[in-house]
Structure formats: structure tokens, C-alpha cells
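# Remarks on the overall topology
Now for the letters of each chain:
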Amino acid sequence: MADRNRPHLFVDGRVTAEEYSRRAGGGNNKEIPEPGDRAGHARRLITALNQADEAARRRRRTTPTPVPGAIPGVYVTFESFPGLELALTPLDPQRGRVHAELRSVQRQETPEGPVQVATVFIPDGKVGTFVRLFEQYETTAGDARPRHQSVVDRVAAIAAASVRALWTDAPADFPSPGTAVWWEVWLRRRDGNEIDRFSAFSETVGCPIAPTRLSFKDRTVLLLQATADQLAGAIDVLDDLAELRKPHEPEAVLALDDATEQAAWVDELAGRVLAADEKAPAVCVLDTGVHQPHPLLSASLQKDDQQTCHPTWGLEDRAGHGTEMAGLALFGDLGQAMTSTGSIAPAHRLESVKLLPHLTGNPPHLWGALTATAASLVEIQAPTRRRTFSMAVTAPEGSTPTVPDRTGFGTGRPTSWSAAVDALAAGRAIDAGDDGLVYLDEEAEGQPRLFVISAGNVRSFDADHLARSDLEPVEDPAQAWNALTVGAYTELVHLDSRPSFAGWTPLAPSGELSPWSRTSVPFARSWPPKPDVVLEGGNVARSPGGTDYDTPEVLQLLTTRRPGLGESRLLTVTSATSAATAQAAHLVASVMAAYPSLWPETVRALAVHSARWTPAMQEHLVRAVNRAARDSFRRRYGMGVPDLARATRSAGDALTLMAQEVIEPFDGRGRTRQLHLHNLPWPADILSDLGEATVNLRVTLSYFIEPNPANRGWRSRYSYQSHGLRFDLRRATESTTEFHKRLNDKALDEDERRSPSADSDAGQWIFGPRAHGSGSIHTDLWTGAAADLARRGLLAVYPVTGWWKENKSRDRSHLGARYALVVSIETPGQDVDIWTPVAAQIGVPIELST
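On a predicted model such as this, the values are computed, not experimentally measured, just so you know.

Reading the values: rules and limits
Residues numbered from 1 in each chain as written. Predicted model: local features only at pLDDT ≥ 70, side-chain atom pairs only at ≥ 80, totals over all residues. Heavy atoms only, no water. Helix = DSSP H or I, 4+ residues; strand = E, 2+ residues; numbered from the N terminus. Buried < 20%, exposed > 50% of the residue type's maximum accessible area, 1.4 Å probe, protein only. Contact = heavy atoms within 4.5 Å. Areas by Shrake-Rupley, 256 points an atom, 1.4 Å probe, with all protein chains shown as cover. Phe/Tyr/Trp six-rings, centres within 6.5 Å; stacked < 30°, edge-to-face > 60°. Lys NZ or Arg CZ within 6 Å of the ring centre and 35° of its normal. pLDDT = per-residue confidence, 0-100. Pairing = 2+ DSSP bridges. Axes fitted to C-alpha atoms, helices over the stretch in contact; angles between N-to-C directions. 1 Å grid on protein atoms, 1.4 Å probe; cavity = no way out; pocket = protein on both sides within 12 Å on 5 of 7 lines; lining within 4 Å. Points joined across faces, edges and corners; volume = space filled by probe spheres on them. Nonpolar A, V, L, I, M, F, W, Y, C, P; charged D, E, K, R; others polar. Polar contact = N/O pair within 3.5 Å; in protein donor to acceptor, adjacent residues only side chain to side chain. Core = buried A, V, L, I, M, F, W, Y, C linked by side-chain atoms within 4.5 Å. Parallel < 35°, antiparallel > 145°, perpendicular 65-115°, else oblique. Left-handed = near helix turned anticlockwise from the far one by under 90°.

Scanning the protein chain for helices and strands turns up 22 helices and 34 strands. Relative to its full complement of 850 residues, the protein chain shows a buried share of 61%. Within the protein chain, contacts between residues separated by at least 24 positions form 81% of all contacts whose residues are at least 6 apart in sequence. When the accessible surface of the protein chain is split by element, carbon and sulfur atoms take 50% of a total near 31,600 Å².

So this is what it looks like as C-alpha cells:
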């Protein structure tokens with residue numbers, strides 16, 4: 001391949017926006033089994049509903065202290081028949097000032113199959129809404145299609161809800177009876193007084209509330225310490241409860257192995273470092289703080305750029321982990337910088353926010369609120385600085401591997417932390433005040449942010465480390481859709497000759513997934529694949545007998561160290577996904593410096609677009625012969641190892657095009673609005689001349705969704721994502737008109753039936769269009785004949801559903817939804833220049849850099 005000495009080409013402004021509507025069709029036509037006695041079925045549901053209502057009234061009459069301002073009512077559960085899902089929209093009628101409201105949705109496993117359980121709060125006087133629905137079904141039960149058939153035929157049972165019904169984490173994680181634990185309590189936002197009401201309740205039962213709050217559009221999240229029985233009393237006196245979850249405790253892994261004393265090396269390198277100026281982008285390290293006086297860091301980290309989320313924590317890095325991350329974030333490969341001879345000029349600076357005071361045992365917090373505080377602190381200090389946030393801090397689900405859980409509990413499901421990351425990335429403002437943090441809903445376009453987050457670490461090792469990693473799901477908040485989630489691979493396989501490691505072998509071969517790295521293989525397939533990319537995270541050594549594992553320094557990465565505790569050394573080693581994340585932040589900041597006008601969405605796109613699988617990874621891809629196997633492959637390795645040269649430079653035979661556009665996905669009335677057609681500048685003549693020669697096309701579409709964090713099914717009105725975007729490419733045999741016609745069949749909701757021809761050329765894509773059903777970044781690789789690709793220079797970007805579409809009053813489409821499109825063509829083994837003719841088409845001066 002030719003040298004990468006040419007800039008990528010911007011092709012903004014070459015898009016045509018067209019009015020867009022989906023053609024009706026498809027849909028989920030699954031037959032709903034008919035209850036044996038429909039009239040009797042309706043009467044049983046009415047009886048159960050009335051019994052639940054009366055029981056709630058009796059309990060309230062015996063409650064000694066009602067909560068002022070609370071709306072009296074009953075929490076009811078609607079349970080589906082096994083194998084069916086409930087019709088959720090009728091359970092949340094949203095009519096009138098006071099109405100029933102769907103609060104949470106769960107999936108539960110039963111011996112007969114999975115059932116869906118919806119918890120609904122019904123105010124006093126509104127039970128009749130559902131009674132009338134069941135009565136209308138009963139009176140038409142003899143008809144072929146009774147009224148409300150699609151709703152009532154799905155409901156197997158109705159019952160009064162317990163506090164367990166509001167628990168939306170894994171059922172096995174529900175606290176043991178009598179044990180006082182911290183609960184993450186999600187309250188419905190109704191009149192702004194929900195915290196006061198809940199505080200009044202907590203005082204009555206004598207349970208403390210943590211001071212931090214996090215508020216979204218229609219939910220407020222806080223932490224309460226109580227037993228299940230104490231919290232159960234809230235069911236009878238508060239209408240504000242929406243969900244209960246388990247709070248997560250962040251844990252960062254610190255490599256404490258000794259490194260050789262290298263103070264002289266530090267001084268020598270410090271003399272060669274040319275720090276970037278104040279206008280350069282920065283990596284903001286969200287961690288345990290950074291030791292600012294370190295000789296290798298001080299010139300790139302001003303004291304004013306150090307912050308802390310809590311004044312009592314101070315600024316200093318007492319744990320050491322943040323300083324280790326800062327060295328890798330600034331230099332990337334510090335070992336290479338140490339052994340080089342010339343000047344080292346990082347293209348970016350550092351910032352630090354102390355997000356947690358210790359590595360473990362931290363006090364209970366809503367970590368999403370702290371992350372929002374961290375972002376606010378640095379943006380107040382340097383409001384115009386471009387930055388990426390690097391966060392190698394995650395919350396474990398637990399350290400014992402289990403059979404992968406396909407139900408969606410704890411496997412990719414959003415949390416308050418990951419939703420806050422998604423909201424912050426999308427540019428939403430979260431304001432800090434005396435009452436906590438509020439998710440603002442201003443009518444203004446925000447400033448998107450890029451978060452680089454570690455996937456989390458495996459904490460014990462097996463001989464089959466890949467199987468172990470495939471059982472260990474990525475940790476909170478790395479499932480965030482808008483984050484660049486980083487896993488680890490390794491090229492470090494050479495053990496030194498020390499007698500203590502005689503006969504030991506590296507656990508992972510060169511180019512393979514690091515034994516430290518977690519994956520999203522256990523995720524429910526409705527959630528995005530993570531990690532997005534993998535970088536060097538070190539290896540693990542295995543003893544000759546296979547019984548012990550260790551992490552010798554030679555299998556880790558050199559980085560900066562916080563001196564202290566009687567030690568004056570300034571270097572140490574580190575490893576795992578923390579180290580990989582810091583290096584990814586270095587790459588991302590370098591891309592920002594190379595192209596100052598890039599959006600965060602585009603920077604993320606280039607990082608993922610530049611990634612390639614190692615030969616060791618590709619061996620698994622060759623054996624992944626079906627879509628499910630390739631999905632698991634991607635959930636283990638992401639798109640592979642990113643490369644700074646590919647992310648920032650093109651070559652004569654490797655052309656990369658970039659576009660940054662704004663689309664209006666919906667029209668505010670529940671309908672799709674725009675489709676974008678990109679008529680790309682294309683090296684058609686050269687590709688045609690190459691005939692049947694094999695060429696590669698890579699397409700990446702990146703955008704940030706606004707999250708809907710409440711667990712109410714995450715489909716239709718309750719979709720987690722505000723909107724989705726997809727791309728499609730004209731086929732070689734299609735005219736522009738035919739391409740247009742096919743798109744309307746193709747732009748269907750994720751659960752709608754597609755036409756048989758929709759995926760007819762999917763075999764030439766690595767993953768295919770159906771693999772792009774979740775997440776906010778979609779990447780695929782097409783391989784085929786050059787002459788075929790020559791006729792495919794028309795690309796469409798179009799919307800699919802989200803809660804913006806289904807919740808018309810909250811649709812922010814009129815503000816525009818930004819997206820980045822990156823398209824590259826590579827002609828391996830061909831002595832051709834495809835960059836120059838395209839540059840000439842768009843009027844770019846032909847000046848080659850060295």
C-alpha cells in the first residue's frame with residue numbers, strides 16, 4: 001500500500017435532503033393464541049383488578065401517616081401469557097390531567113417460557129379505564145375479532161404489585177429480607193415535589209437518603225438505604241415510584257508490580273517533550289486525580305485544569321491510578337517515547353477531574369451525577385477547549401462467571417450512569433444545584449461530547465481465556481450507546497529469563513484478545529455490540545502446571561507513577577482495559593488535533609473506521625459462517641485495533657471521504673421526515689478499468705442518540721434511543737429511481753418484516769444490514785469487484801423509529817440530528833491513484849505531505 005501522506009477529503013454539502021415516508025408493510029404478524037373462554041377471561045381480569053384496588057384502599061386506611069401531596073392509587077402488575085409480549089401503549093393511556101401510567105417493564109423466566117410483566121400505577125377513580133376496556137372485550141367475545149383483542153388476549157393475569165414488581169435488575173439480585181442495603185430509586189417527575197414526598201416517607205421509616213440526585217425529563221433518581229420491608233411501605237403512600245435498581249460501585253484496577261528505577265530516563269525525556277499550547281484539544285482524565293508535578297506531565301497539565309467532584313477529596317492522586325492513565329493518555333506508548341531520541345510533541349494537553357477518591361470502597365453515589373459534575377467543572381474552566389473524556393472506571397456486575405443471560409437483565413441494559421453518559425455525549429445539559437442534578441430540556445442545540453470508556457476487566461483467569469471473556473459482560477457504564485467503548489488485545493508475548501518465571505507461558509497468543517478484556521457476547525442481542533475497538537492491554541503469564549497466573553512487568557505497559565509512600569520512583573507498569581482506554585483517548589485527541597473542525601461523532605467514527613482485525617482475530621472470523629457467529633465475533637473484538645495513521649491520512653490507493661450533516665428524522669407528528677442522498681465523488685473510471693480486481697469499501701455512520709433511561713419496554717413510545725439512522729448503498733444494477741423505490745421498503749422498524757429482496761447483496765458485506773439494528777455507530781465492510789463498486793457511488797442515510805417519533809410532544813427533530821459519514825475505498829495490490837481524481841472533483845489542491 002502507498003504511504004498515507006494525504007489528507008482525508010471532506011464532502012460536506014453534497015447531500016440532497018428529500019421528504020421521506022415509509023411505505024406501509026411488514027410488521028410482526030405473530031399469531032396470538034386465543035384464550036379458551038374469552039368472556040370468562042375478561043371477567044377474571046376484572047375481578048383481579050377490582051380486588052387489587054380494594055386491597056390498596058384497605059391498606060391506606062390503616063396507614064398512620066399519609067404523605068401530603070401524594071395521589072392515592074394502586075400499583076398493579078399485568079402479566080403476559082408465556083412467549084408473548086404485552087401491548088404496552090394501552091397500559092399508558094396518557095389521557096386527562098390524572099391518568100394511569102406505565103412505570104416499569106420486566107421479563108421473567110417461567111417453566112412455560114418467558115413472560116413480560118408491566119407495573120402500572122392507577123390513581124383512585126381510574127380503574128374504570130381498564131374495567132371498561134375488559135367489558136367491551138367481553139361483550140364482543142363471540143365475534144371473530146373482539147374489541148381490544150390485541151390487548152386483552154395477551155394478558156394472563158393481574159395482581160397488586162409488591163416492591164419486588166418494581167425491581168428491574170436481575171431477580172437474583174433482589175436484596176435479602178431484613179438486610180438494609182442501598183437502593184437506586186427511580187421516581188416519576190410529576191410536579192417537582194417528588195423528592196420532598198419521598199424524603200417525608202424516608203423520615204417516617206427512618207431510612208437515610210444519599211445527597212446526590214440525578215434527574216431526567218420524566219424521572220428523578222436517588223439512593224435510599226433500607227430493607228425491602230421498609231421500602232415496601234412506599235407502595236401504599238406514594239404515587240411517585242417508577243423503578244428500583246441496584247446501585248453500582250465503581251472499581252478501577254491498579255497494577256502494583258515494581259518497575260526498574262528510571263529517574264534519569266524521566267529527566268531525559270522531560271527535556272525532549274514539547275507541550276501543546278493552550279488552544280490544543282485535551283484528554284480529560286476522569287479517575288482518582290493526577291499527580292500534576294510529575295516531570296512528564298506538568299508541562300501538559302496546568303494546575304487550573306485539575307478539578308475534583310467533591311471539595312473534601314482534594315486534587316491529589318492518592319491512589320495512583322489516574323496518574324498511570326495520564327501518562328498513557330498523553331504519550332500513547334510511553335516506552336517507545338523513552339527509547340526514542342528526537343523531540344516528542346504531543347498534539348494535545350491533559351485535564352483531570354477526581355471522580356472517585358479511592359480505588360475501592362467508595363461511598364454510595366449516583367455515578368451519572370458525578371460524571372455530569374466532572375464534565376461541568378472542566379467546561380466552566382475552559383469552555384471553548386475541545387476535549388475527550390477518558391474514563392477507565394466501571395462498576396462490576398459481579399466477579400463470578402455464569403451462563404450468559406439472554407433475558408436482558410444486567411446484560412447491556414441502560415442504567416442511570418450509562419444513560420447520563422449518553423445524555424452528556426448528546427450535548428444535553430445536566431445542571432448542578434442544591435437539589436441535585438437536573439436533566440435540562442431546553443429548546444437549544446447542545447454541544448456534544450466524546451466519552452472514551454473502558455469495557456471493564458476480567459478478575460480471574462482460565463486456561464481458555466476467550467471462553468471466560470465471552471462469559472464476562474462489559475461493565476457499567478461501558479454499554480452506553482454514544483461512548484467509544486474500549487476493550488483490550490495484546491501483542492506482548494515474550495517473557496524474560498528471570499528464574500521466577502521459568503517455564504511460564506503467555507496466556508494469550510500474539511494478536512489475540514487480552515485475558516483482561518470483557519465482551520458483550522452475553523448481552524441480549526437488542527443491545528449494541530461492545531467494545532467498539534481494542535487496544536494493547538497487556539497479557540497474563542500461566543504457570544507450567546496451569547494452576548497459577550501472574551502479571552510480570554514485561555507483559556504490561558510502561559507509564560507514569562505517582563511518587564509517595566516512601567517511594568520516589570516516577571515510572572511503573574499498568575495493564576488491562578484501563579491502559580487500553582487511555583491509549584484510545586490519546587488516539588482520539590490526536591485525531592481532534594489533526595482535524596480541528598471535526599465533531600465528536602466524526603472523531604468516534606474515524607477511530608472505529610480505522611480499526612482492523614489482527615490475523616489471530618481473522619482466524620475466528622473465517623470460521624464465523626453465519627450471522628449469529630459474526631455477531632458474537634464483533635461483540636468480542638469490536639472492529640479491531642484502531643490506527644492513528646489510517647484515522648488521519650489517506651493514500652493514493654486508499655481514499656477516505658468524510659461528511660458531517662444534519663438531518664430532521666421526524667416531523668413532530670409521528671412520521672418520518674427526511675432522507676439524505678449522498679452523491680459521492682467517486683473514482684468510477686479507475687474502478688471500471690480495474691474490472692474484476694478485488695477492492696474493499698468500508699462505511700461508518702456515527703451519530704449520538706438522546707436516551708430515554710426509564711425501563712418501560714424500550715420499544716415504540718418507550719424506545720431507549722431518540723432516533724435511529726441507517727445507511728444503504730445503491731447496487732451496481734440499480735438506477736437512481738429503483739434505489740429510491742427500494743428504500744421505502746427497507747426503512748422499516750426493527751421488528752417489521754422486510755421484503756425478500758432487501759438483503760439480496762448482503763453476502764458481500766461482513767455483517768450485513770440486519771446487523772445494524774442497535775447502537776449509534778454502524779460500520780461494515782464490503783468486498784467485491786472494482787467494476788461493481790464503480791457504479792455504487794450513491795449512498796442514502798435515513799431514519800428509523802425512536803421515542804422522538806412516538807412521543808410527539810418531546811420530538812426534538814426540528815433542532816436537527818447530526819451524523820458523521822465516513823466512506824473509504826482501498827485497492828490492495830493495484831498500482832493506481834484513486835485519491836487525486838476525487839480531490840480534483842471537489843476542488844482540493846493537490847499538495848502531498850511527507
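Looking now at the packing of aromatic side chains. All chains considered together, the criterion is met by 19 aromatic pairs. Seen from their ring centres, Phe501 and Trp504 are 5.3 Å apart, and the 80 degrees between their planes marks the pair as edge-to-face. For Phe501, a relative accessible area of 9% puts it in the buried group. We classify Trp504 as buried; its relative accessible area is 17%. Linked through ring pairs, Trp613, Phe633, Tyr637 and Phe767 together constitute an aromatic cluster. Lying across the ring of Phe174, Arg164 places its NZ or CZ 4.1 Å from the centre. When the ring centre of Trp186 is taken as reference, the NZ or CZ atom of Arg245 above it lies at 4.0 Å.

All right, on to the confidence of the model for the protein chain then. It should be kept in mind that the predicted coordinates are not to be read in detail where pLDDT is low. For the protein chain, the average pLDDT comes to 87, and 88% of its residues sit at 70 or higher. The model gives residues 432-437 a pLDDT under 50, and that stretch makes 14 contacts with residues more than four places away or in other chains.

Within the open sheet, the 4 strands sit side by side as S5-S6-S4-S7. Their pairing is antiparallel. Both edges of this open sheet fall to strand S5 (101-110) and strand S7 (155-160), since each of them pairs with a single strand only. Sheet twist, expressed as the average angle between the axes of neighbouring strands with direction ignored, equals 25 degrees. Bridge count between strand S4 (residues 73-80) and strand S6 (residues 113-123): 7 bridges; the pairing is antiparallel. Following the sheet pairing, Phe78 is matched in S6 by Ala118. Sheet strands in contact with helix H1 (residues 38-61) are S4, S6 and S7, and its direction is about 15 degrees off that of S7. Each of S4, S6 and S7 touches helix H2 (residues 127-139); the most contacted strand, S6, lies at about 130 degrees to it.

With that out of the way, let us pick up the pairing of strand S31 (residues 724-729). Where burial is concerned, most of S31 is hidden: 6 out of the 6 residues are buried. With burial as the criterion, each face of S31 is covered, one bearing Gly724, Arg726 and Asp728 and the other bearing Leu725, Phe727 and Leu729. Relative to strand S33 (residues 794-800), S31 is paired through 6 bridges, and the arrangement is antiparallel. Within S33, the position partnered with Leu725 by the bridge is Pro799.

For an α-helix, the turn length of 3.6 residues means that residues three or four places apart are oriented alike. The buried fraction of helix H11 (residues 416-425) is high, at 10 of 10 residues. What H11 keeps buried is the set Ser416, Trp417, Ser418, Ala419, Ala420, Val421, Asp422, Ala423, Leu424 and Ala425. One or two steps after H11, the chain reaches Gly427, where phi turns positive at roughly 95 degrees.

A separate point is the layout of surface pockets. Empty space among the atoms becomes apparent when a probe as large as a water molecule is rolled across them. Counted as a void, the second largest pocket has a volume near 840 Å³. Around the second largest pocket, the lining comprises 31 residues; the ones closest to its centre are Gly332, Asp333, Gln336, Gln583 and His586. Going through the elements one at a time, helix H8 (321-331), helix H9 (334-339), strand S22 (533-536), strand S25 (557-560), helix H13 (576-594) and helix H17 (644-648) are the ones with two or more residues in the lining of the second largest pocket. Across the lining of the second largest pocket, the residue classes tally to 18 nonpolar, 8 polar and 5 charged.

What helix H16 (residues 627-637) keeps buried is the set Asp631, Phe633, Arg634, Arg635, Arg636 and Tyr637. Of the surrounding secondary structure, the elements contacted by the buried residues of H16 are helix H12 (465-471), strand S21 (512-513), S22 and helix H15 (615-623). Of the residues flanking the start of H16, the one acting as N-cap is Asn626, its side-chain oxygen 3.3 Å from the backbone nitrogen of Ala628. Just downstream of H16 lies Gly638, where phi reads positive at about 60 degrees.

In this section: the nonpolar core. Ranked by size, the top nonpolar core spans 125 residues in total, and within it Leu286, Phe451, Trp613, Leu697 and Leu795 carry the most contacts. Among the elements that make up this core, the one with the highest residue count is helix H10 (residues 367-381) (7 residues). Apart from residues lying up to four places away in sequence, Phe451 is in contact with Leu286, Thr371, Phe389, Val421, Leu424, Ala425, Ala483 and Leu484. By size, the runner-up hydrophobic cluster in this structure holds 30 residues, among which are Ile46, Phe78, Leu91 and Val120.

Note on placement: Asn457 falls in the loop between strand S18 (450-454) and H12. On the accessibility criterion, Asn457 (4% relative accessible area) is buried. Polar contacts involving the side chain of Asn457 include one to the side chain of Thr577, which spans 2.5 Å.

Here we take up the packing of H15 against H16. Where H15 meets H16, the axes come as close as 9 Å, and the angle between the chain directions of the two elements is 160 degrees. Classified by the interaxial angle, the pair formed by H15 and H16 is roughly antiparallel. Helix-helix and strand crossings are classified by hand; for H15 and H16 the assignment is right-handed. On H16, the residues that touch Met617, His620 and Leu621 of H15 are Arg630, Phe633, Arg636 and Tyr637. For the contact of H15 with H16, the residue count by class is 4 nonpolar, 1 polar and 2 charged.

Under the defined criterion, the tally for this structure stands at 9 cavities of 30 Å³ or more. Within this model, the largest cavity holds a volume of roughly 210 Å³. Along its surface, the largest cavity is lined by 15 residues, and Ala426, Glu706, Gly816, Ala817 and Arg818 are the ones closest to its centre. Taken together, the residues of the lining of the largest cavity sort by class into 6 nonpolar, 3 polar and 6 charged. What the second largest cavity holds in volume is close to 170 Å³. As for the second largest cavity, its lining consists of 17 residues, and the residues nearest its centre are Pro529, Asp532, Arg634, Ile777 and His778.

We now examine the side chain of Glu475. Secondary-structure assignment places Glu475 in the loop between H12 and strand S19 (484-490). There is a polar contact of 2.7 Å between the side chain of Glu475 and the side chain of Arg459. In this structure the side chain of Glu475 is engaged in a polar contact, spanning 3.4 Å, whose partner is the side chain of Arg518.

For the rest of this paragraph, the subject is the sheet that holds strand S24 (residues 549-550). Ordered in space as S20-S23-S24, the 3 strands form an open sheet in which the pairing is antiparallel. This sheet does not close on itself; its edge strands, each paired only once, are strand S20 (505-506) and S24. Note: strand S23 (residues 541-542) against S24, 2 bridges, orientation antiparallel. Considered in S24, the bridge of Ala541 is made with Asp550.

This paragraph deals with the environment of Gly546. As for its placement among the helices and strands, Gly546 is situated in the loop between S23 and S24. For the pair Gly546 and Trp504, spaced 42 residues apart in the sequence, the C-alpha separation amounts to 8.8 Å.

Look at the link from Asp476 to Pro477: it is a cis peptide, with omega at 10 degrees. Locating Pro477 in the fold gives a position in the loop between H12 and S19. Lys530 connects to Pro531 through a cis peptide bond whose omega is 5 degrees. If you check the backbone angles, His148 has positive phi at about 60 degrees while not being a glycine. Mapped onto the elements, His148 comes out in the loop between H2 and helix H3 (149-152).

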